[in-house]
There are 4 protein chains.
Amino acid sequence: MNSKMKAPLEGIITPLVTPLTDDDTLDLEGLERLVEHLIAGGVHALFVLGTTGESQSLSYGLRAEMIRQTCRLAKGRLPVLAGISDTSIVESVKLARVAVENGADAAVSTTPYYFATGQPELIEFYGHLVPQLPLPLFLYNMPSHTKVSFAPDTVRRIAEDPKVIGFKDSSANAVYFQSVMFAMKDRPDFSMLVGPEEITGECVLMGGHGGVNGGANMFPELYVSLYNAAKRADLKELHRLQQQVMQISATIYTVGHHPSSYLKGLKCALSLLGLCDDYLAAPFHKFEQPEREKIRKALLALNPALKLRP
Amino acid sequence: MNSKMKAPLEGIITPLVTPLTDDDTLDLEGLERLVEHLIAGGVHALFVLGTTGESQSLSYGLRAEMIRQTCRLAKGRLPVLAGISDTSIVESVKLARVAVENGADAAVSTTPYYFATGQPELIEFYGHLVPQLPLPLFLYNMPSHTKVSFAPDTVRRIAEDPKVIGFKDSSANAVYFQSVMFAMKDRPDFSMLVGPEEITGECVLMGGHGGVNGGANMFPELYVSLYNAAKRADLKELHRLQQQVMQISATIYTVGHHPSSYLKGLKCALSLLGLCDDYLAAPFHKFEQPEREKIRKALLALNPALKLRP
Amino acid sequence: MNSKMKAPLEGIITPLVTPLTDDDTLDLEGLERLVEHLIAGGVHALFVLGTTGESQSLSYGLRAEMIRQTCRLAKGRLPVLAGISDTSIVESVKLARVAVENGADAAVSTTPYYFATGQPELIEFYGHLVPQLPLPLFLYNMPSHTKVSFAPDTVRRIAEDPKVIGFKDSSANAVYFQSVMFAMKDRPDFSMLVGPEEITGECVLMGGHGGVNGGANMFPELYVSLYNAAKRADLKELHRLQQQVMQISATIYTVGHHPSSYLKGLKCALSLLGLCDDYLAAPFHKFEQPEREKIRKALLALNPALKLRP
Amino acid sequence: MNSKMKAPLEGIITPLVTPLTDDDTLDLEGLERLVEHLIAGGVHALFVLGTTGESQSLSYGLRAEMIRQTCRLAKGRLPVLAGISDTSIVESVKLARVAVENGADAAVSTTPYYFATGQPELIEFYGHLVPQLPLPLFLYNMPSHTKVSFAPDTVRRIAEDPKVIGFKDSSANAVYFQSVMFAMKDRPDFSMLVGPEEITGECVLMGGHGGVNGGANMFPELYVSLYNAAKRADLKELHRLQQQVMQISATIYTVGHHPSSYLKGLKCALSLLGLCDDYLAAPFHKFEQPEREKIRKALLALNPALKLRP
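*Asks:* Run through the relation of the copies chain D and chain C, naming residues and quoting values.
*Replies:* Placing chain D over chain C gives an RMSD of 0.0 Å and needs a rotation angle of 180 degrees, together with 0.0 Å of translation along the axis. One copy is carried onto the other by what is essentially a two-fold rotation axis. Across chain D, the smallest distance between a C-alpha and the rotation axis is recorded for Asn173 of chain D, namely 2.3 Å.

Have a look at this one:
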């Protein structure tokens, strides 16, 4: 494992949006601004090609390019995790090779997501995949998108291979997360992370290791501060910061009418903040002017001092 | 509102099992033992006719009897909440009258559960129900059973009527719970409770008011202690107690192959602990001997000093 | 079994709406008009207290009244089936007794619908219920409302009791229906019916016995004619009638924004046709004027000669 | 459009399995045998890279190879459709180019399947995709795998582009299929097909154009005969053949415990029939010996004269 990354990985791991100028072209300047913004904001690791990174909407060439450029820009200043989730094991392994060749620290993989697998099939699948990977792996639970959830005991079984070093849960199901925590209780080196930023606080209070929080693309300091408050059990400060996180959740991620509202709102806000282009890869399109105005107002309600682009 | 009950209601509200000897007869001695056991264990309120109480499986006559007897046995020593969830508003109102006549402090109602309602229909429904109720109401979110979830803004809208005094969420979705908390942030008197005992700790740490936890039927002190540890932010003690709660969850509630495993395991354990009969109302049946032995072993693994019945 | 009812029951079995004037009062005159309308229209049986009859929204007293009045009005001119679906086996059995005492020919029961049952639990449940019933039983598959589907082999197992005489499937899943047909292929006396009127034609063409079609409340002749065309394999006529059925489906049942649109549209149309009141029991409310105008236009588009009430 | 393909496309369109010897290698000899077997059996078109073809499990290189080889082997004797379903529009368009360069007649595309799209987003997506395609397109509804269903009106809207020439529905929902038929009633040239072989008969009887039936890989004559019987409204013969189709469904596709049972059973049967290797691409594995013996018995029960490999 790359020496930069401790076990367990802790803190705010930012799932980078993929700045784009069209369906198949990176907004490289935006990506550079974003990476510097995140590092300046104190986040603990970068995660490219997750759901927030629209990985599945990108061509394989562009996915490889996103790994390459992010690793180049990060310059080893913090760990980089690379999403290799795919429906084809062959393509997953290829992406993992690109990741390791460019200095990424770990790969991240959801369950396969076109065919639904049973739990024994999931164990078989990872028994087939993990030995082919040239770097450590985080499991990524995302049942709303993949239709399949790792059973707690399946996590335990897959993680018997020491190359499997952590788990990210985006189910939002706190009972489930506690059940995986309990199943992994004898593995203090195993990183337990949650996706939704609305629950990073409670995850850390209960003994989890951090959050993979999309909002950190916009406001990295906020999420890092919230993580730190939870880590030192400063509940008063945590509750104060949680209000801000909930306001972001309630006003930036809910402007549209579909589950894509999160992605569209986040990219729109990043564009207004001057960080990167808000082009979304197909099947989605960026917000039009009326929605953009709502996001603008929501950002100013959060912080009237923000300087926003037109 | 009954003077015994503070606003917001806080602590461990035990959702009583309904002790039965057949589909339509209460195990009254068992109920008496159970009520005394819970009060001795320090729980903060009793809740009859919830999901754990198999309310929907009981005849209307038996539901009324369960309210009557529990209120009689509780003797005003702690608040009693009565489930009035039903597919028929007429029957819900009748149950609410029984509840108030017997001294219950509040009613509890899920969404209607045969027909799925849209959110505007849900607001209309409660606008129709609440004025007919002679006592305060808790909303009860139970989408796995009712197919419908109260949107956070729907909770806020329904709770504009001051008779609506709290919310119990059994969805296990922590993002959702935080969203309802955020929607209700200007109502400090409004009680925010979670159902699953695996997440009472984090609920309270994040500012929620407690748990409606089935496991408290067996071990009331454990859940009360966990609540108290969370309330005073004693994370070390909380983590220690959480391990016990998770062990109960992983070994008592998962012996069967269906979602009924929770109910069957809980009633079987109560029978082994000598508290009440483990008869389950149709459509379910109690565990047979092989499953009963697994529950016995699970109880002894939790605490070898427990004295169990054959 | 009542001598009026042949085995298998075939044809158009109309699931009656329950005409209401408020949440707990029958529109008796409307019910009488409706029963005469249906018998004049040639339907083969009446089914009260199904989903279309809002059974779950009615008090137990009103359910009993609806059975009593419909049996009285039908005067033995055609078979009457009575819904006894409930979450409580005790209440189901009581309703079945009311049904037999008033001369109903059979009972109809969905799976229990608050708690989700596994297939072995479902077999156990019916093994417990059927012997307590004083009349024959149709199984009613309605997974969108009950969350549980009878597995084909479960139907076969439950139907080993000769009191179980038929199956109504409202899943709309044609592969599933064919699978149950195949599982029951050695029981030519067992009635195989579909709920959705959009597929009665193909059900009958493939060897099924008919449809339990809500639209027959409005236009009984249409559905009877479609059934007859399918029965004699007159595809040209069937396709012609199917267009009318689909137009009803597309224009009468889709005016609202929620799954309740079917019920609201149907009752609104019955009111416009002068058959009965359009009051809906809670949790629903009847259409307001703008939606009522859409239903009026849809009815006139179907048949400009229809005389509608204001 | 290729002159070989009539509008609407009618009959049995076989969704080819992809014969494999490992995760990334075609069983070319098997593929050749399979293509000849299907053409000899009279099927009306070939469809490569569908769900039955494990398309999502294959690398992009292998998907292109499968298109190339099948077109080469088919030699223009019947239309070839190529699946281009993907989460990335860029990769879909690339596959479509491979298809047209190799002489395929049409492309087939599901909704995107990682991100769930709303209906307006789906219309936008196809408005973006279709103009980039160099060949006609069939829409493929597969909600069990993609989580999203094309609303009937969405099909109508997308099909306003004349390059969109047909619709394949694998939802099994017959009400839905009738609704799409009704929405497309003014487009007699638009091909309306169902996926599940259990309902090809009723689809054709009701005016649909045929089936995309995986079982035709094994027994092409059976499915062609069933199609022909339905087409000429010979119900007696149709019912006889339907029994065989249902026996295949009930005994070949249900041996495993997961949704993959269909694929595993089908490939196992093809191997026993000497047609091709039964290797399944990850995440799945082929049946072991005990399941293979069950498939053998099921095949012999269908036809004792079948000569099977060990």
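Read on for the rest.
*Asks:* Just give me the short version of the interface of chain D and chain C, but keep the residues and values in it.
*Replies:* When the parts of a complex come together, some accessible area is lost, and that lost area is often taken as the interface size. Contacts between the two partners involve 25 residues from chain D, matched on the other side by 25 residues from chain C. In this assembly, chain D packs against chain C so that about 2,200 Å² is buried in total across both faces, 72% of it on carbon and sulfur atoms. For the pair chain D and chain C, the interface holds 0 salt bridges. At the junction of chain D and chain C, the tally comes to 8 residue pairs in polar contact (both at pLDDT 80 or more). Within the residue set of the side of chain D that touches chain C, elements represented by two or more residues are α7 (174–183), α8 (200–205) and α10 (235–251) of chain D. By residue class, the composition of the side of chain D that touches chain C is 13 nonpolar, 9 polar and 3 charged.

*Asks:* Account for the sheet that holds strand β9 (residues 191–194) of chain B, naming residues and giving values.
*Replies:* Sheet strands pair by backbone hydrogen bonding; their relative direction is either parallel or antiparallel. Residues and elements named next belong to chain B. Spatial strand order, β1-β4-β5-β6-β7-β8-β9-β10: 8 strands in a closed barrel with parallel pairing. The sheet contact formed by β9 and strand β10 (residues 210–211) spans 2 bridges and is parallel. Of the residues in β10, the one forming a bridge with Val194 is Gly211. The strands touched by helix α2 (residues 60–74) within the sheet are β4 (45–48) and β5 (80–83), with β4 carrying the most contacts at an inclination of about 165 degrees.

*Asks:* Help me get a handle on helix α4 (residues 119–129) of chain C, residues and values and all.
*Replies:* Within α4 of chain C, the full set of buried residues consists of Glu121, Leu122, Phe125, Tyr126 and Leu129 of chain C. Mapping the buried residues of α4 of chain C onto a view down its axis gives an arc of 130 degrees, with all of them on the same face. Looking at the buried residues of α4 of chain C, the elements they touch are α11 (261–272) of chain B together with α3 (89–101), β6 (106–110), β7 (137–141) and α6 (152–158) of chain C.

*Asks:* Requested: an account of the interface of chain A and chain D, with residues and values cited.
*Replies:* With 46 residues of chain A in contact, the opposing surface of chain D contributes 46 residues. Between chain A and chain D, roughly 3,700 Å² of surface is buried when both sides are summed, and carbon and sulfur atoms account for 62% of that area. Remark: the boundary between chain A and chain D carries 2 salt bridges. A salt bridge links Lys264 of chain A to Glu121 of chain D, with the shortest nitrogen-to-oxygen separation between them at 2.7 Å. Secondary-structure elements contributing two or more residues to the side of chain A that touches chain D are α2 (60–74), α3 (89–101), α4 (119–129), α5 (143–146) and α11 (261–272) of chain A. It is α4 of chain A that contributes the most residues to the side of chain A that touches chain D, 6 residues altogether. Considering only residue class, the side of chain A that touches chain D consists of 19 nonpolar, 18 polar and 9 charged.

*Asks:* A description of the pattern of salt bridges should follow, citing residues and the corresponding values.
*Replies:* All names here are of chain A. Counted according to the given criterion, the structure contains 60 salt bridges over all chains. Of the charged contacts in the structure, one is a salt bridge between Asp278 and Lys286, with a shortest N-O distance of 3.4 Å. Taking the relative accessible area as the measure of exposure, Asp278 reaches 5% and is therefore buried. A single network of salt bridges, built from pairs that share partners, joins Asp153, Arg156 and Glu160.

*Asks:* Please provide a residue-by-residue account of the pairing of strand β4 (residues 45–48) of chain A, values included.
*Replies:* All names here are of chain A. Here β4 shows no split at all, with Ala45 and Phe47 on one side and Leu46 and Val48 on the other all buried. One ladder, built from 3 bridges, connects β4 with strand β5 (residues 80–83); its direction is parallel. Pairing of Val48 across the sheet is with Ala82, part of β5. The parallel pair β4 and β5 is bridged by α2, and the resulting crossover is right-handed.

*Asks:* Quick one: what's the story with the relation of the copies chain A and chain D, residue by residue and with numbers?
*Replies:* Rotating chain A by 180 degrees and translating it 0.0 Å along the rotation axis places it on chain D, where the RMSD comes to 0.0 Å. A symmetric contact is evident, with 100% of the interface residues of chain A recurring at the interface of chain D.

*Asks:* Requested: an account of the pairing of strand β9 (residues 191–194) of chain D, with residues and values cited.
*Replies:* All names here are of chain D. Burial of the side chains of β9 extends over both faces: Ser191 and Leu193 are buried on one face and Met192 and Val194 on the other. Across 4 bridges, the pairing between strand β8 (residues 164–169) and β9 is parallel. Considered in β9, the bridge of Asp169 is made with Val194. For the segment spanning β8, α7 and β9, crossover handedness is right-handed. Crossover connection from β9 via α8 to parallel strand β10 (residues 210–211): handedness right-handed.

Parameters at a glance
Within every chain, residues take consecutive numbers counted from 1 along the sequence as written. Chains carry letters and ligands carry numbers; both start at the beginning, A for chains and 1 for ligands, and go up in the order they are written. Residue-level local features of this predicted model are given only where pLDDT is at least 70; pairs of side-chain atoms are given and counted only at 80 or more, and the full residue set underlies all totals for whole chains, interfaces and linings. Only hydrogens and water are removed before side-chain values are computed, so all heavy atoms of the structure are retained for them. When the copies are superposed, the least-squares fit draws on C-alpha atoms of residues that have pLDDT of at least 70 in both. Only heavy atoms enter the contact rule, under which two residues are in contact if any of them lie within 4.5 Å. What gets called buried area is simply the loss in accessible area from a 1.4 Å probe that two parts show on being joined, summed for both. The salt bridge criterion pairs a side-chain nitrogen of Lys or Arg with a carboxyl oxygen of Asp or Glu, the two atoms within 4 Å. Pairs of N or O atoms within 3.5 Å make up the polar contacts considered here, provided that, within protein, one atom can donate a hydrogen while the other can accept it, and that residues adjacent in sequence are counted only when both atoms are side-chain atoms. In DSSP terms, a helix is any run of H or I states spanning at least four residues, a strand is any run of E spanning at least two, and both are numbered starting from the N terminus. Gly is put with the polar residues, along with every residue not named as nonpolar or charged; the nonpolar set is Ala, Val, Leu, Ile, Met, Phe, Trp, Tyr, Cys and Pro, and the charged set is Asp, Glu, Lys and Arg. Pairing between strands requires that DSSP locate at least two bridges from one strand to the other. Only C-alpha atoms enter the line fits that serve as axes; for helices the fit covers just the stretch in contact. Angles between N-to-C directions range over 0 to 180 degrees. Buried, partly exposed and exposed residues are distinguished by accessible area as a fraction of the type maximum, computed with a 1.4 Å probe on protein chains only: under 20%, between the cut-offs, and over 50%, respectively. When we speak of the arc, we mean the arc of directions from the helix axis to the C-beta atoms. Crossovers are described as right-handed under a simple rule: with the strands pointing away from the observer, the path leading from the first strand over the helix to the second runs clockwise.

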